[in-house]
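This is what each chain is made of:
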Amino acid sequence: MSAYMIYVRDRITDAQEFGKYQELALAASVGHPVKPLAFYGEVEMLEGLPVDSAIVIEFPTMADARAAYESPLYQKALQHRLRGAEYRVFIVEGISA
């Protein structure tokens, strides 16, 4: 069953660190079955606190999503994201059609 990794960016706190994250995160996705569905596009808030931006990435399974997040290359990139921005990140399982 498909799974969706959702990255909600609340704010950038250090542009240099965030730039490093972007470079490393792109390289970390190579070899993983990822399908970007939304990538820092325009956001229209309908409810809740405002967000700066968001990403939605589709994976074939929850295990694939977790494996991509836990990969050594992404974990290296993550250290820069944690220093460069405030995010909420989660995986949600899709529904079977």
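Above: the structure in question.
A.B. asks: What is the right way to read the overall build of the protein from this model?
C.D. replies: Tallying secondary structure elements over the protein gives 3 helices and 4 strands in all. Ordered by position from the N terminus, the helices and strands of the protein form the series β-α-β-β-α-α-β. Computed over the C-alpha atoms, the radius of gyration of the protein is 13 Å, within 12% of the 13 Å expected from 2.2 N^0.38 for a compact globule of 97 residues. Seen through its principal axes, the protein has C-alpha atoms that stretch 40 × 35 × 15 Å. Of all 97 residues assigned to the protein, the portion counted as buried reaches 29%.

A.B. asks: Mind showing me how you'd approach the pairing of strand β1 (residues 3–12) here?
C.D. replies: It is a general feature of regular strands that their side chains alternate between the two faces of the sheet. Where β1 lies against strand β3 (residues 53–59), 7 bridges are found, and the strand directions are antiparallel. In the sheet register, isoleucine 6 faces β3, and the bridge partner there is valine 56. The pairing of β1 with strand β4 (residues 85–93) spans 9 bridges and is antiparallel. Paired with methionine 5 across the bridge in β4 is isoleucine 91.

A.B. asks: Which parts of the structure should I look at to understand the packing of aromatic side chains?
C.D. replies: For any pair of aromatic rings, geometry is given as the distance between the ring centres together with the angle between the planes. Evaluation of the coordinates by the stated rule reveals 8 aromatic pairs. Centre to centre, the rings of phenylalanine 18 and tyrosine 87 are 6.3 Å apart; their planes meet at 25°, and the pair counts as stacked. Taken together, the residues phenylalanine 18 in helix α1 (residues 15–28) and tyrosine 87 in strand β4 connect sequence positions 69 residues apart. Taken individually, phenylalanine 18 and tyrosine 87 each receive the classification buried, so the pair is uniform in this respect. Among the aromatic side chains, those forming a connected cluster through ring pairs are Tyr7, Phe18, Tyr21, Phe39, Tyr40, Tyr69, Tyr74 and Tyr87.

A.B. asks: Help me understand the pattern of salt bridges, please; the structure alone is not making it clear to me.
C.D. replies: For the coordinates displayed, the defined rule picks out 5 salt bridges. Across the salt bridge formed by arginine 88 and aspartate 10, the nearest N and O atoms sit 2.6 Å from each other. Of the two residues, arginine 88 is situated in strand β4 and aspartate 10 in strand β1; the sequence distance between them amounts to 78 residues. The shortest N-O distance in the salt bridge between glutamate 86 and arginine 11 comes to 3.0 Å. With glutamate 86 in strand β4 and arginine 11 in strand β1, this pair connects stretches of sequence that are 75 residues apart. Of the residues examined, glutamate 86 reaches a relative accessible area of 35% and is grouped as partly exposed. According to the relative accessible area criterion, arginine 11 is partly exposed, its value standing at 44%.

A.B. asks: Looking at this model, I keep getting lost on unusual backbone geometry. Mind explaining?
C.D. replies: When glycine is set aside, most residues are seen to have a negative phi, and most peptide bonds are trans. The phi angle at tyrosine 40 is positive, at roughly 55°, despite the residue not being glycine. Mapped onto the secondary structure, tyrosine 40 falls in the loop between β2 (35–39) and β3. For tyrosine 40, a relative accessible area of 22% corresponds to the partly exposed category.

Calculation criteria
Residues numbered from 1 in each chain as written. Predicted model: local features only at pLDDT ≥ 70, side-chain atom pairs only at ≥ 80, totals over all residues. Heavy atoms only, no water. Helix = DSSP H or I, 4+ residues; strand = E, 2+ residues; numbered from the N terminus. Rg over C-alpha atoms; globule rule 2.2 N^0.38 Å. Buried < 20%, exposed > 50% of the residue type's maximum accessible area, 1.4 Å probe, protein only. Pairing = 2+ DSSP bridges. Phe/Tyr/Trp six-rings, centres within 6.5 Å; stacked < 30°, edge-to-face > 60°. Salt bridge = Lys/Arg side-chain N within 4 Å of Asp/Glu carboxyl O.

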